[in-house]
Amino acid sequence: MPRVYDSRKRIVVTGGAGFIGSHLTDRLLAQGHEVICVDNLFTGTKRNIDHLHAHPRFEFIRHDVTFPLYVEADEIYNLACPASPVHYQHDPVQTLKTSVHGAINVLGLAKRLRCKVLQASTSEVYGDPIQHPQAEEYWGNVNPIGPRSCYDEGKRCAETLFFDYHRQHGLEVKVARIFNTYGPRVHHADGRVVSNLIVQALRGEPLTIYGDGSQTRSFCYVDDLVEGLIRLMESEPDVTGPINLGNPGEFTILSLAEKVLAQTGSRSRLERRPLPADDPRQRKPDIARAKALLGWEPKVMLDDGLALTVGSLRERLTEMALLA
Ligand code: NAD
Ligand code: UDP
Ligand code: UDP
């Protein structure tokens, strides 16, 4: 008989009621751990964790990470931060506070507990990248004063804080640079490209293409990403990252729209909209480091992941009576 109590940990997941955080929470509970989900429900919803309220090893704390947090735990995953440009630009100052003050509080907590702490960083630290694909050694091309800066610079500063706490206080840190991630439970009004296009296709509305649609992104299915985050947390202490986690398959936004139309059987037309300021032209992770250090690479192909995401959003829109 496996003795689950020997390896059971109490794990804090900030942003645990969000899209990625709720999938991570499910996986950690399935592994036998206790999870304390800390979330202010800014972009996350109780719906993402509704199925967990009766779970004996799950606890929810409604809390804003810009304020200090005193709990006892063995590990911390710091995911709290709005991730969609529409959401993070809604209140840019709060976005910066969430990344910077949130990181300070989470690091202070980890320092007091002497526990491991993982930061959900982002491919946005590379900005509008000149190096392609992006490897971790690349320092990026980020506008410090544009509309995306509250997110990009906030996440860059959080990385700095993680490495300074590591060097100055000997804290065991793990920094994951997450590339565009999608999958079931992504909010139907999230505003990011995968959910926008699927919702529009299902509702028979025009698919909004910003710019000429030739810009590229790499889309990682959420289960693959969660596997990468857990492997990083469980890696040897000298594996601090930063480490890219993403799917190296690279697609133009136009080709994504074509896939969405094919998957949904929709006859929606494409509608051009202005390209937002500072929108990166291209993005594709170099995942050699994740392969070598974590033995990790994504397994789910975009077509398969899209089918699962379409199914989940169709169900959600039907429940909300938003389908014609
Ligand atoms: P999400 O918006 O669904 O989840 C973020 C969660 O953080 C939400 O539940 C929200 O309520 C919570 N939150 C926001 N501000 C908070 C605060 N001040 N205090 C407490 N909770 C707060 O987004 P997601 O896609 O699940 O992203 C999770 C993390 O992964 C974020 O840190 C994001 O920057 C990072 N990330 C995501 C992607 C992606 O493509 N999804 C890519 C790169 C990085
Ligand atoms: N902090 C927290 N929980 C803890 C310990 C610290 O939220 O269990 C916060 C605390 O409010 C502080 C921040 O983390 O502002 C940074 O802590 P650190 O010990 O690094 O700094 P100091 O307290 O010395 O300013
Ligand atoms: N995009 C688009 N239509 C939409 C939403 C986004 O063409 O309805 C484009 C956007 O301009 C960007 C890409 O899709 O080039 C990815 O945008 P998203 O907001 O999903 O993520 P990010 O820009 O942060 O990678």
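What counts, and where the lines are drawn
For every chain, the first residue of the written sequence is number 1, and numbering continues from 1 along that sequence. Chains carry letters from A onward and ligands carry numbers from 1 onward, assigned in written order. Reporting in this predicted model follows two pLDDT cut-offs: at least 70 for local features of residues, and 80 or more for side-chain atom pairs to be given and counted; totals over whole chains, interfaces and linings ignore these cut-offs and use all residues. Strands are runs of DSSP state E lasting at least 2 residues, helices are runs of H or I lasting at least 4, and numbering of each runs from the N terminus. Each radius of gyration is computed over the set of C-alpha atoms, and the globule rule expresses the reference value as 2.2 Å times the number of residues to the power 0.38. Exposure classification rests on a simple neighbour count of other C-beta atoms within 10 Å of a residue's own: a residue reaching 20 or more is buried, one at 12 or fewer is exposed, and one in between is partly exposed. C-beta atoms are placed from the backbone. By the convention adopted here, residues make contact when the C-beta atoms placed from their backbones lie within 7 Å. What makes a residue near a molecule or strand is its C-beta atom, placed from the backbone, lying within 6 Å of it. Here the nonpolar group is Ala, Val, Leu, Ile, Met, Phe, Trp, Tyr, Cys and Pro; Asp, Glu, Lys and Arg are the charged ones; every other residue, Gly included, is treated as polar. Put simply, a nonpolar core is a cluster of buried Ala, Val, Leu, Ile, Met, Phe, Trp, Tyr and Cys residues tied together by C-beta atoms within 7 Å. The rule for pairing is simple: two strands pair if DSSP sees at least two bridges between them. With axes taken as lines fitted to C-alpha atoms, and helix axes fitted only over the stretch in contact, angles between N-to-C directions fall between 0 and 180 degrees. UniProt positions are given in the numbering used here, feature names are shortened, and annotations may be inferred rather than shown by experiment. Angles are sorted into four bins: roughly parallel if under 35 degrees, roughly antiparallel if over 145, roughly perpendicular if 65 to 115, and oblique for all others. Crossing handedness is defined as follows: a turn of the near helix away from the far one that is anticlockwise and smaller than a right angle gives a left-handed crossing, while the clockwise case is right-handed. A helix is expected to span 1.5 Å for every residue after the first.

1. With respect to the overall build of the protein chain
And then number 1: Secondary structure assignment for the protein chain yields 10 helices and 13 strands.
And then number 2: Whereas a compact globule of 324 residues would reach a radius of gyration of roughly 20 Å, the protein chain reaches 19 Å, a difference of no more than 12%.
And then number 3: Across its three principal directions, the C-alpha atoms of the protein chain cover 55 × 45 × 35 Å.
And then number 4: Expressed as a percentage of the 324 residues in the protein chain, the buried residues total 45%.
And then number 5: When contacts within the protein chain are restricted to residue pairs at least 6 apart in sequence, those whose partners lie at least 24 apart make up 81%.

2. Digging into the site of ligand 2
And then number 1: Close contacts around ligand 2 come from Pro-68, Leu-69, Tyr-70, Ile-104, Asn-105, Gly-108, Leu-109, Lys-111 and Arg-112, and that covers them all.
And then number 2: Split by residue class, the shell around ligand 2 holds 5 nonpolar, 2 polar and 2 charged.

3. Considerations on the nonpolar core
And then number 1: Counting 76 residues, the largest nonpolar core has Tyr-77, Ala-176, Leu-197, Ile-198 and Leu-229 as the members making the most contacts within it.
And then number 2: Sequence-distant contacts of Ala-176, defined by excluding residues within four places in its chain, comprise Leu-118, Gln-119, Ala-120, Ser-121, Gly-228, Leu-229, Leu-232, Gly-241, Ile-243 and Leu-245.

4. Examining the sheet that holds strand S1 (residues 10-14)
And then number 1: With parallel pairing, the 7 strands of this open sheet are ordered in space as S3-S2-S1-S4-S5-S6-S11. Of all strands in the sheet, those with a lone pairing partner are strand S3 (58-62) and strand S11 (243-245), marking the two edges. Here the strands of the sheet are splayed against their neighbours by 20° on average, with no regard to which way each runs.
And then number 2: As judged from the 6 bridges shared by strand S5 (residues 116-122) and strand S6 (residues 173-178), these two strands associate in the parallel manner. Considered in S6, the bridge of Ala-120 is made with Ala-176.
And then number 3: Along the sheet, helix H7 (residues 222-233) makes contact with strand S4 (75-78), S5, S6 and S11, crossing S6 at roughly 160°.

5. Let's talk about the pairing of strand S8 (residues 207-210)
And then number 1: Here S8 shows a clear split, with Leu-207 and Ile-209 buried on one side and none of Thr-208 and Tyr-210 buried on the other.
And then number 2: Pairing geometry for S8 and strand S13 (residues 270-273), over 4 bridges, is parallel. What sits directly across from Tyr-210, in S13, is Arg-273.

6. Here's the deal with the site of ligand 3
And then number 1: The local shell around ligand 3 holds 13 residues, among which Arg-192, Val-193, Asn-196, Thr-208 and Tyr-210 are the closest.
And then number 2: Of all the elements in the fold, those that place two or more residues in the shell around ligand 3 are helix H6 (193-202) and S8.
And then number 3: Among the residues making up the shell around ligand 3, the classes are represented as 6 nonpolar, 4 polar and 3 charged.

7. Description of the environment of Ser-121
And then number 1: Of note, Ser-121 is situated in strand S5.
And then number 2: A sequence separation of 121 residues divides Ser-121 from Pro-242, and the C-alpha atoms of the two residues are 8.5 Å apart.
And then number 3: Those residues within four positions of Ser-121 in sequence are excluded, and the remaining contacts are Lys-155, Ala-158, Glu-159, Val-175, Ala-176, Arg-177, Ile-178 and Pro-242.

8. Quick notes on the UniProt feature "domain: NAD-dependent epimerase/dehydratase" (unreviewed entry) in the protein chain
And then number 1: UniProt marks residues 11-246 with the feature "domain: NAD-dependent epimerase/dehydratase" (unreviewed entry), using the numbering shown here.
And then number 2: What you have in residues 11-246 is 34% helix and 19% strand, and the ends, taken at the C-alpha atoms, are 24 Å apart.

9. A word on unusual backbone geometry
And then number 1: His-132 connects to Pro-133 through a cis peptide bond whose omega is -10°.
And then number 2: Phi angles above zero are rare outside glycine, and Leu-41 is one such case at about 60°.
And then number 3: Inspection of the secondary structure assignment puts Leu-41 in the loop between strand S2 (34-39) and S3.
And then number 4: Positive phi, normally seen in glycine, also occurs at Arg-185, with a value near 85°.
And then number 5: Within the fold, Arg-185 resides in the loop between strand S7 (181-182) and H6.

10. Observations regarding the packing of helix H4 (residues 92-113) against helix H5 (residues 149-169)
And then number 1: At their nearest, the axes of H4 and H5 sit 8 Å apart, and the two run at 15° to each other. In terms of orientation, H4 lies roughly parallel with respect to H5. Considering only the axes of H4 and H5, their crossing is right-handed. Here Pro-92, Thr-95, Leu-96, Ser-99, Val-100, Ala-103, Ile-104, Leu-107 and Lys-111 of H4 come into contact with H5, specifically with Cys-150, Tyr-151, Gly-154, Lys-155, Cys-157, Ala-158, Leu-161, Phe-162, Tyr-165 and His-169.
And then number 2: Each residue belonging to the contact of H4 with H5 can be placed in one class, and the counts come to 13 nonpolar, 4 polar and 2 charged.

11. So, helix H8 (residues 253-264)
And then number 1: When the terminal C-alpha atoms of H8 are compared, their 16 Å separation across 12 residues agrees well with the 16 Å that a helix rising 1.5 Å per residue should span.
And then number 2: As for H8, its buried residues are in contact with H6, S8, strand S12 (251-252), S13 and helix H10 (302-319).
And then number 3: One or two residues past the end of H8 sits Gly-265, with phi positive at roughly 70°.

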